[in-house]
Amino acid sequence: MSTLAGIGPLARPAVRSRFDLAQLGPNWYAAVMGTAILANGAAVLPVRLPGLTGFGEVMWALGLAALLVLAAARLVHLTRHREAARAQLLDNPATAVFYGCPPMALLAVGLGTLLLGSRVIGTGLAVALDTVLWSLGTLYALAVAGGIPYLMITRHRVSALEANPTWLLPVVAPLVASACGPALVPHLPAGTAQQAMLYGCWALFGIGLLATLALLPVVFTGLFHSRLPALALTPTLFLVLGPLGQSVTAVHQLADAARPVLPALAPAMTDLAELYGVAVIGVAMLWLAVALTANLRARRAGMPFAMTWWAYTFPVGTCVTGASALARHTGFGGFSGLAVGLYLLLALAWVLAAGGTAAGLARGRLPAR
């Protein structure tokens with residue numbers, strides 16, 4: 001099955017029948033990811049504005065509610081539409097790669113619970129909830145990072161010449177876990193538990209980064225050879241930003257957490273975080289210009305709304321958190337300005353994606369994938 005054939009509904013602007021949960025795929029978790037990163041970005045921006053924290057809390061609550069509703073809907077899907085669920089994972093590589101979204105949604109909402117939800121539900125409950133969500137999300141991320149490539153090698157009929165940025169989704173999830181885990185380190189018992197958490201997050205960083213570096217050339221090969229098979233896939237060009245911004249965020253979070261836990265290594269980690277961060281955020285901004293230009297061209301060509309529009313949100317959000325971390329570590333005002341500018345772009349992206357999704361749901365139908 002080719003990528004174009006597998007993408008099916010993406011190539012058509014038509015919508016499915018009224019609330020047909022048989023068609024509810026894991027790609028819907030991208031809406032939770034986009035909402036959660038909008039909240040988390042508000043929590044870490046280096047420039048504090050009146051009402052920003054309150055706005056972040058509202059978005060965190062909305063992301064948590066969306067996660068619960070979607071998890072319930074997916075449970076119905078998995079129990080009542082088992083054949084459809086099986087086909088999405090085992091037979092259709094175009095939908096299987098989106099199984100990278102659920103663990104990232106769990107991880108992003110969990111981090112927001114600690115950063116923002118603690119002001120609403122209390123620190124103790126926030127830590128407990130984040131611990132559960134991070135643990136589930138990390139195990140899920142590792143299963144997906146290994147399982148989806150395994151299926152692509154042994155079962156799915158795919159070609160590197162048809163690769164597109166959605167192939168990155170499964171391997172980015174461990175990077176998200178590595179960026180979210182360090183926030184829990186201060187809440188663990190001092191000593192071995194904190195060290196194990198920190199080393200584990202570094203291992204997750206390595207898994208996600210090296211897997212991304214191995215896969216990116218394949219993705220670019222597919223883009224250069226076959227381009228994108230449908231206009232509605234053009235927003236997925238933004239997915240390349242995800243591992244770039246998330247890795248910058250992760251190295252800074254790991255360096256911060258290392259100061260009280262691994263003081264001998266902390267200075268080297270901080271230096272690495274700054275040097276790596278500046279280099280990679282530069283690459284990310286170059287690709288952002290490419291992705292924006294391609295999407296403006298696609299909009300002029302009549303690109304219809306699809307759930308792929310949520311690809312505008314989370315990847316840009318990772319660049320917000322990465323630029324914010326650079327601003328905090330370097331004290332350079334240019335990174336503060338970059339973080340604010342990217343956050344405004346993220347907010348606009350969320351409005352576009354959420355508006356299109358809400359319009360489809362208001363008509364009583366699930367928007368096209």
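Residues numbered from 1 in each chain as written. Predicted model: local features only at pLDDT ≥ 70, side-chain atom pairs only at ≥ 80, totals over all residues. Heavy atoms only, no water.

Q: Please clarify how the environment of Arg297 should be interpreted in this entry.
A: When you line up the elements, Arg297 lands in helix 11 (residues 266–300). Given a relative accessible area of 62%, Arg297 falls into the exposed group. Residues Arg297 and Leu231, 66 residues apart in the sequence, show an inter-C-alpha distance of 9.9 Å. (Helix = DSSP H or I, 4+ residues; strand = E, 2+ residues; numbered from the N terminus. Buried < 20%, exposed > 50% of the residue type's maximum accessible area, 1.4 Å probe, protein only.)

Q: Before we go on, may I ask you to explain a nonpolar patch on the surface in this structure?
A: A grouping of Val120, Ile121 and Leu125 is seen on the molecular surface, where their side chains present a nonpolar patch of about 250 Å² in accessible area. Relative to the assigned elements, Leu125 resides in helix 7 (residues 123–154). For Leu125, a relative accessible area of 52% gives the class exposed. (Patch = residues over 30% accessible without salt bridge, like charges linked within 9 Å, V, L, I, M, F, W, Y side chains within 5 Å. Areas by Shrake-Rupley, 256 points an atom, 1.4 Å probe, with all protein chains shown as cover. Salt bridge = Lys/Arg side-chain N within 4 Å of Asp/Glu carboxyl O.)

Q: How should I be thinking about the environment of Thr166 in this particular structure?
A: Relative to the helices and strands, Thr166 is located in the loop between helix 7 and helix 8 (169–180). Sequence spacing of Thr166 and Val240 is 74 residues, and the spatial spacing of their C-alpha atoms is 8.8 Å. With residues up to four places along the chain from it excluded, the contact list for Thr166 reads Val97, Phe98, Leu233, Thr236 and Leu239. (Contact = heavy atoms within 4.5 Å.)

Q: Would you mind going over unusual backbone geometry with me for this structure?
A: Both trends apply: most residues other than glycine have a negative phi, and most peptide bonds are in trans. In the Ramachandran plot, Arg227 falls in the positive-phi region, its phi being about 60° despite a non-glycine side chain. By the element assignment, Arg227 lies in the loop between helix 9 (192–226) and helix 10 (241–261). For Arg227, a relative accessible area of 65% translates into the label exposed.

Q: Whenever I open this one, the nonpolar core confuses me. Can you help?
A: If you look at soluble globular proteins, the nonpolar side chains tend to sit buried side by side. Leu67, Met104, Trp134, Ile148, Leu241, Trp310 and Tyr343 are the most contacted members of the largest nonpolar core, which has 114 residues in total. Every residue in contact with Met104, bar those within four places of it in the chain, is listed here: Met33, Leu169, Val172, Ala173, Val176 and Phe314. (Core = buried A, V, L, I, M, F, W, Y, C linked by side-chain atoms within 4.5 Å.)

Q: Hey, could you run me through empty space enclosed by the protein in this one?
A: Regions of empty space are outlined by a rolling probe, equal in size to a water molecule, passed over the atoms. All told, the structure shown has three cavities of 30 Å³ or more when counted by the stated rule. Looking at the second largest cavity, its volume works out to about 80 Å³. Contributing to the lining of the second largest cavity are Met33, Met104, Leu168, Leu169, Val172, Leu239, Gly242, Phe314 and Pro315. Class assignment of the residues belonging to the lining of the second largest cavity gives a composition of eight nonpolar, one polar and no charged. (1 Å grid on protein atoms, 1.4 Å probe; cavity = no way out; pocket = protein on both sides within 12 Å on 5 of 7 lines; lining within 4 Å. Points joined across faces, edges and corners; volume = space filled by probe spheres on them. Nonpolar A, V, L, I, M, F, W, Y, C, P; charged D, E, K, R; others polar.)

Q: Any chance you could explain the packing of aromatic side chains here in plain terms?
A: The geometry of an aromatic ring pair is captured by two quantities: the separation of the ring centres and the angle between the planes. Within the structure shown, the criterion is met by eight aromatic pairs. An angle of 80° between the planes, with centres 5.6 Å apart, marks the rings of Trp202 and Phe205 as edge-to-face. Of this pair, Trp202 and Phe205 are both found in helix 9, three residues apart, which corresponds to roughly one turn of the helix. A relative accessible area of 9% places Phe205 in the buried class. Note on Phe220 and Trp287: the rings are 5.3 Å apart at their centroids and 70° apart in plane angle, and the pair reads as edge-to-face. Taken together, the positions of Phe220 in helix 9 and Trp287 in helix 11 put the pair 67 residues apart, joining distant regions of the chain. On the accessibility criterion, Phe220 (22% relative accessible area) is partly exposed. For Trp287, a relative accessible area of 15% gives the class buried. One aromatic cluster is present, built from ring pairs that chain together Phe238, Phe305, Trp309 and Tyr312. (Phe/Tyr/Trp six-rings, centres within 6.5 Å; stacked < 30°, edge-to-face > 60°.)

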